[in-house]
Structure formats: structure tokens, C-alpha cells
Amino acid sequence: MAYIAGVGTTRFGQHPGSTTSGLMADAARLAMEDAGLARRDIDGVLCGYATTMPHIMLATVFAESFGLRPAYAHAMQAGGATGVAMAMLASILVDSGRCKAVLIVGAENRASGQTRDQSIQTLAQAGHPDYEVPYGATIPAYYGLLAARYMHQFGLTQEDLASLAVVMRRHAARHPEAHLREPFTFEQAMASKPIALPLRLLDCCPISDGGVAMVITRDPTNATRVKVRGAGQAHLHQHISMARDWADMGARRAADLAFAEARMGLKDIQHLAVYDSFTITLAMLLEEIGFIARGKSGEAARAGRFEIGGDMPLNLHGGLLSFGHCGVGGGMAHLVEAQRQLSGRAGDRQAGAPTTAYVHGDGGVMSSHVAMILERV
Amino acid sequence: MSFSANPHAQAFWQHAQEGRIIFARCCADHCGAPQFPPKPRCDVCDGDRLEMRQATGTGTIFSITVVHRPPSDALRQYAPYGIALVDLDEGFRMMAHADPRLTIGARVRATFVPFGDRTVPRFVADQKP
Ligand SMILES: [Zn+2]
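Visitor: Hey, could you run me through the interface of chain B and chain A in this one?
Guide: Quite often, the size of an interface is put as the accessible area lost when its parts meet. Facing 39 residues of chain B, the contacting portion of chain A comprises 30 residues. At the boundary of chain B with chain A, total buried surface from both sides reaches about 2,800 Å², with 62% on carbon and sulfur atoms. Area buried by chain B at its contact with chain A is led by R69, P71 and M95 of chain B, which between them contribute 24% of it. In this assembly, chain B and chain A are joined by three salt bridges. Its salt-bridge partner being R69 of chain B, residue D117 of chain A comes within 2.8 Å of it at the nearest N-O pair. Counting across the interface, chain B meets chain A through 17 residue pairs in polar contact (both at pLDDT 80 or more). Those elements that place two or more of their residues in the side of chain B that touches chain A are α1 (7-17), β4 (58-67), α2 (73-76), β5 (81-88), β6 (93-98) and β8 (118-125) of chain B. The element that contributes the greatest number of residues to the side of chain B that touches chain A is β4 of chain B, accounting for six residues. Class assignment of the residues belonging to the side of chain B that touches chain A gives a composition of 25 nonpolar, eight polar and six charged. Here two bridges tie strand β5 (residues 194-197) of chain A to β4 of chain B, and the two strands are oriented antiparallel to one another. Counted as the bridge partner of L197 of chain A is V66 of chain B from β4 of chain B.

Have a look at this one:
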């Protein structure tokens, strides 16, 4: 199966003057250097959409400006799940023999390339244009609806959400490229300003500039040996008002497919990298997949289970909540962190010597799920 | 006034302007499934005979959030506003505005209020005995 041979991340944050194509190139250069590959070695290119640079052929635009002439290329869009979906397709392409080395890129100047209102309005379009958006709904509002119902149904509390936010910030403080590194207390999280109650500011990820890239290859190209062992997807709805069973959003279904392909189970996983656009996203995914019992994510956070020394190290780069969210690249940063942890290259953040990791991407409003299992061989 | 290129949505918002919530109901024998939003074919049986019905406007709050950070300057004057998912008594779920003080499980009825460029349904506690 495919290797994740190289990874690259730019700093996340506010980078006035940055461009989407510049961030794509920066990340791609780093990933290719990490893999030890030159431009001529890359025969496939996948890139994510960019809200600040809408284009009908973004992968080709990027390939041309970066000096690549791939045999296979196109852009992809599955919201926040795009990054893991690109990694899944890249591994299919190399497994099938179609490509030898696929470069996948997600980058965007989402923070400085548009106003905050523009960004919020663009993202709100994940909702239904006729029956949701006209109510002044936003992405936090859709997730606020998820949070209120989930808390009501499974007993998760505001305190539990705040506990998850505190952990992600503590992790980000150890990552020099993270957008938000200033630690905050549980009390500060609880008192942060309301955005779409029950969600408060510190329950929401920031909007960042940044870029992430990876090279997925058929054969090893360097000393790292991180393989894609399994992947799976599920897409049960697009709009939150259409989601039928809120205990089955598709996360578990995607995970089950990945576990079946990897011939592994929950107990075999030593490291977690799970999409966390909001604190409630993280709790719902961990609990639906089954890593944590329903309603118990906050308790697990307070017990230290998600820390470097815990039994379930989680998003040690700080996740979307604190490493930052630049769109497609934000969801790829989880994969990158998992690859670095598995190859023992996470520096101050290294959590032992894990051999397996589970990665999950979520697009829309728990709409598109892509699960991936990695193993160091 | 045109709110959408979709004729079903156009009709929905026109009715809302006049204080009504409409939905589609399948006319096939043994089906009768309610559908929201209305579509050309039935979700359940794929039948293509659907009729538009007016909902009573009563239902139950499935979930509710209170938006303090609206998406645009034009909507800032309305904040904070409640957005809810409401299960209507006719058997369909819809998003709408709601009194921010409502909680999950509350029995509600629709009122209609101006919001942004149109009139939107806004659910309030149903006081009827
Ligand atoms: Zn029918």
C-alpha cells in the first residue's frame, strides 16, 4: 500500500500579503524536499479548492505555476474532508499503478485574502441556499444546533466542550507553526464571547492563512516508512436539517470501512488525529466512532487521556481549534501530524513511538466523512 | 419579489410572506409521505405526484442555537436571534427562526417576522391549552 513519503506545512496565522498560490508552492516545496523528490518525479497532482481563489481547474493552474507536468491532475472538494479524501485518492492512484508519486496540496490565504464577513458568508453556503442560509445561519450556527441537540441527548456539557478547547491550545503551544499558541484557562473558555450558543468563541477554530502538502508514493523514497493501511468514506446528508439519525452521522461508517481494510480495530490505534472545527465536532466524532463513550469526551480530556503522555494522544499539533484552519490545508494538518508522530519526528510534541494512527476528516455539517488508518512499517 | 431560481423555494418564500408554511405531500396510494423541502419526486416512493399543503404551523423544537455573530452588517441589527430545527406536526423538519428562550422539546407555533430581505417563520411557545 501507499507510503506518505513527505509532508510539509507553512506557518499558520495571519500573513498579510500572502497568496493562495504562494502558500501552495511553499507547502509543496517543503513536502517534496521532505520526500527527497524532484519535480520530474511527481506524476500526479491533487489540490483542494480555495475560497479566495475559485477556479475551475485549480490543480492545473498550480501545476503550471509550480513547474509540474503531471500525468494525472485535478482539484477536489469535500469541504473539511477534502484533505483526507485527497490522501485516499492518492493512495488509490499509486496502488492501482496509475501514478508513482502524487503531490497533494491544500492552501489558502483565507484570513488575509478576504474580510471576516466574506469568509463567514462563503462558508455558510455549506448550508441550504433556499431553506437555511436566508435565516442568517452561519457555520457556527449549524454546529450550534448540533451541539445543543447532542448535549441534550448524550449529557455532554459546556464544561466538557471547554475542556477540549483547553487541551487543543495546550498542544498548539508546543508547535512553532501554530496560529494560536497562547494558553487559556478553563474559566476563560467558559466566559469567552457567545458566537452561536451553546458555542462560544473558544469552541470555534480561527480563520487562518496557511498551506499543507504531502507526497504519497508507491515506493519508499527516504527513511520514513508510514503506510496508508485503510481508508473509508460516508456521506449521509449535506444539510443539517436533512440529517436523519443524529447518532449516525456517518463517522462510524467511514471508520468501519477503514478498519476493515486495515484489518484492525479501535484497540489497535495508538494515536489520534481527528477533525475539530469546533469542540462539538471533536466530541461527536470521537464518540460516534467509539474511541470515547457517548458524552464522555470532556471527562477524558480532564483525565489527561489526550495528552502526550495519555493513552490516546490527540491532535498534538493543536488541531483546527488552535493550530488553525486555512480550509483544505487545515484538515490536512492532522494527517501531517500523524505522519510526523509515526516517523518519530514531532520534536517536543513526540508522544512515544506509536506505530498506528487514526485520522478523520469531516466536511460540511458532519456531512462528508473520510477515515484513514496509518501504520509505520 | 424573487428569492430563488428554484420554483418550489420561490413558492415557499411567497407563502411565508403571507404568513403560511407550505410543504409537499406525496399523492401516491399507500405513501402520503410529507416532504420538506418540496422536490419534484417523492423521497420515499419516487412518485411524481406531489401536492403542496399548508402546515398548521405547530411543532416541537428539535434543536436550537442563539446566533450572536451574524454573517453580515445587514443582519447585525437582529442579533441575537434564535435558529431552530423544528419538527412540524405534519411530520417534516425545517429550519426557522425561534424565540431564543425556547428549549429542546418545547411545543411551538409559527409566527412570521421581517428578517433581512424577506419575511421568515419564527417559532414561539405555543400557549394554547
Ligand atoms: Zn411517495
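Right, picking up where we left off after that structure.
Visitor: So what exactly am I meant to see when it comes to the nonpolar core here?
Guide: Generally speaking, nonpolar side chains in soluble globular proteins are found buried as a group. Grouped together as the largest cluster of nonpolar side chains are 96 residues, with contacts concentrated most on I240, I280, F291, F306 and Y358 of chain A together with M94 and F123 of chain B. If you tally residues by element for this core, the top one is helix α5 (residues 139-154) of chain A, at nine residues. Shared between two domains, this core holds at least three residues of each, these being domain 1 (7-54) and domain 2 (58-125) of chain B. If you look at the next biggest cluster of nonpolar residues, it comprises 44 residues, including M88, A357, V370 and M372 of chain A.

Visitor: Where do I start with the side chain of H171 of chain A in this structure?
Guide: Within the element layout of this structure, H171 of chain A appears in helix α6 (residues 158-172). Every residue in contact with H171 of chain A, bar those within four places of it in the chain, is listed here: F306, E307, I308, L314, N315, L316, G318 and R349 of chain A.

Visitor: Whenever I open this one, the environment of I92 of chain A confuses me. Can you help?
Guide: Position of I92 of chain A relative to the elements: it lies in helix α3 (residues 82-95). It is 7.9 Å that separates the C-alpha atoms of I92 of chain A and A2 of chain A, two residues lying 90 residues apart in sequence.

Visitor: How do you make sense of α3 of chain A when you look at a structure like this?
Guide: An α-helical segment advances 3.6 residues per turn. Residues three or four places apart therefore align on the same side. All names here are of chain A. Helix length check: α3 (14 residues) gives 20 Å between terminal C-alpha atoms against 20 Å at 1.5 Å per residue, within 8%. Across the 14 residues of α3, twelve count as buried, placing the element largely inside the fold. All of the buried residues in α3 are T82, G83, V84, A85, M86, A87, M88, L89, A90, S91, L93 and V94. One or two steps after α3, the chain reaches G97, where phi turns positive at roughly 90 degrees.

Visitor: What should I look at first to understand the side chain of S368 of chain A in this one?
Guide: Residue and element names in this part refer to chain A. Here S368 shows up in strand β11 (residues 368-376). Here H235 takes part through its side chain, which lies 2.8 Å from a polar atom of the side chain of S368. For S368, the contacting residues outside a window of four places in its chain are A78, A81, A234, H235, G361, D362 and G363.

Visitor: Would you explain the packing of aromatic side chains in this entry?
Guide: For any pair of aromatic rings, the description consists of the separation of the ring centres together with the inter-plane angle of the planes. Under the definition given, this model contains 16 aromatic pairs over all chains. Between F259 of chain A and Y358 of chain A, the ring centres sit 5.6 Å apart and the planes meet at 10 degrees, which makes this aromatic pair stacked. Taken together, the residues F259 of chain A in helix α8 (residues 251-262) and Y358 of chain A in strand β10 (residues 356-363) connect sequence positions 99 residues apart. Comparing F259 of chain A with Y358 of chain A shows no difference in burial state: the two are buried. Their ring planes at 50 degrees and their centres at 4.6 Å tell us that Y78 of chain B and F115 of chain B sit as a pair that is tilted. Of this pair, Y78 of chain B sits in the loop between α2 and β5 while F115 of chain B sits in strand β7 (residues 107-115), and the two are 37 residues apart along the sequence. We classify F115 of chain B as buried; its relative accessible area is 2%.

Visitor: What am I meant to see in the coordination of the zinc ion here?
Guide: Expected angles at a metal are 109.5 degrees for tetrahedral coordination by four donors and either 90 or 180 degrees for octahedral coordination by six donors. Residue and element names in this part refer to chain B. Taken together, the protein donors to the zinc ion comprise C26 (SG), C31 (SG), C42 (SG) and C45 (SG), at separations of 2.2 to 2.4 Å. If you look at the zinc ion, its four donor atoms make angles of 101 to 114 degrees with each other, and the shape they trace is tetrahedral. Donor residues for the zinc ion, ordered by position in the chain, follow C-x4-C-x10-C-x2-C. With C31 in the loop between β1 (22-26) and β2 (34-35) and C45 in the loop between β2 and β3 (50-54), the pair connects residues that are 14 residues apart, well separated along the chain. According to the relative accessible area criterion, C45 is partly exposed, its value standing at 37%.

Visitor: Explain the packing of α8 of chain A against helix α9 (residues 279-289) of chain A here, please?
Guide: Helix packing geometry: the angle between the two helix axes and the distance between the axes. All names here are of chain A. Two numbers describe how α8 lies on α9: the axes approach to 8 Å, and their chain directions differ by 55 degrees. Relative to α9, the element α8 is oriented oblique. Where α8 crosses over α9, the handedness of that crossing is right-handed. Listed contacts from α9 to A251, R252 and A255 of α8 are L285, E288 and I289.

Visitor: Explain the domain arrangement of chain B here, please?
Guide: Residue and element names in this part refer to chain B. Split by domain assignment, chain B resolves into domain 1 (7-54) and domain 2 (58-125). Contact with domain 1, which involves ten residues of that partner, is made by twelve residues of domain 2. Note on domain 1 versus domain 2: buried area summed over both sides is about 1,000 Å², and carbon and sulfur give 76% of it. Ranking the residues of domain 1 by area buried against domain 2 places W13, I21 and F36 at the top, with a combined share of 49%. Applying the counting rule to domain 1 against domain 2 returns zero salt bridges. For the side of domain 1 that touches domain 2, the leading source of residues is α1, giving four residues. Classifying every residue of the side of domain 1 that touches domain 2 by side-chain character gives seven nonpolar, two polar and one charged.

About the criteria used
Residue numbers restart at each chain and count upward from 1, following the sequence in its written direction. Starting at A for chains and at 1 for ligands, labels are handed out in the order in which the entities are written. Where totals are concerned, whole chains, interfaces and linings use all residues; where local detail is concerned, this predicted model gives features only for residues with pLDDT of at least 70, and gives and counts side-chain atom pairs only at 80 or more. Processing note: side-chain calculations cover all non-hydrogen atoms of the structure and skip hydrogens and water entirely. Contacts were defined at the residue level, with two residues in contact if any of their heavy atoms lie within 4.5 Å. The buried area of a pairing is the accessible area, by a 1.4 Å probe, that goes missing from both parts when the two are put together, added over both. By salt bridge we mean one thing: a side-chain nitrogen of Lys or Arg within 4 Å of a carboxyl oxygen of Asp or Glu. In the analysis that follows, any N or O atom pair within 3.5 Å is treated as a polar contact, provided that within protein one partner can donate a hydrogen and the other can accept it, and provided that, for residues neighboring in sequence, both atoms belong to side chains. Under the DSSP-based scheme used, a helix requires at least four consecutive residues in state H or I and a strand at least two consecutive residues in state E, with every element numbered from the N terminus. In this classification, the charged set is Asp, Glu, Lys and Arg, the nonpolar set is Ala, Val, Leu, Ile, Met, Phe, Trp, Tyr, Cys and Pro, and all remaining amino acids, among them Gly, are polar. Between any two strands, pairing holds if DSSP finds at least two bridges. Only buried residues count toward a nonpolar core. Its members are Ala, Val, Leu, Ile, Met, Phe, Trp, Tyr and Cys residues joined through side-chain atoms within 4.5 Å. Buried residues are those whose accessible area, probed at 1.4 Å on protein chains only, stays under 20% of the maximum for their type, while exposed residues exceed 50% and partly exposed ones sit between those limits. Here the bounds of each domain stem from an automatic or database domain assignment. Working rule for helices: expected span equals 1.5 Å times residues minus one. Here a Phe, Tyr or Trp ring, Trp counted by its six-membered ring, pairs with any other such ring whose centre lies within 6.5 Å, and the pair is stacked when the planes are under 30 degrees apart, edge-to-face when over 60, and tilted otherwise. The donor set covers N, O and S atoms within 2.8 Å of the metal, switching to 3.2 Å for Na, K and Ca, and it leaves out water, so a site may look short of donors. Here a site with four donors is tetrahedral if all angles are between 85 and 135 degrees, and a site with four or six donors is square planar or octahedral if opposite donors are over 155 degrees apart and the other angles are between 65 and 115; anything else gets the irregular label. Angles here are taken between N-to-C directions and fall from 0 to 180 degrees, while the axes themselves are lines fitted to C-alpha atoms, restricted in helices to the stretch in contact. Our angle categories are set so that under 35 degrees counts as roughly parallel, over 145 as roughly antiparallel, 65 to 115 as roughly perpendicular, and the remainder as oblique. Here is the rule for handedness: rotate from the far helix to the near one, and if that takes an anticlockwise turn smaller than a right angle the crossing is left-handed, while a clockwise turn gives right-handed.

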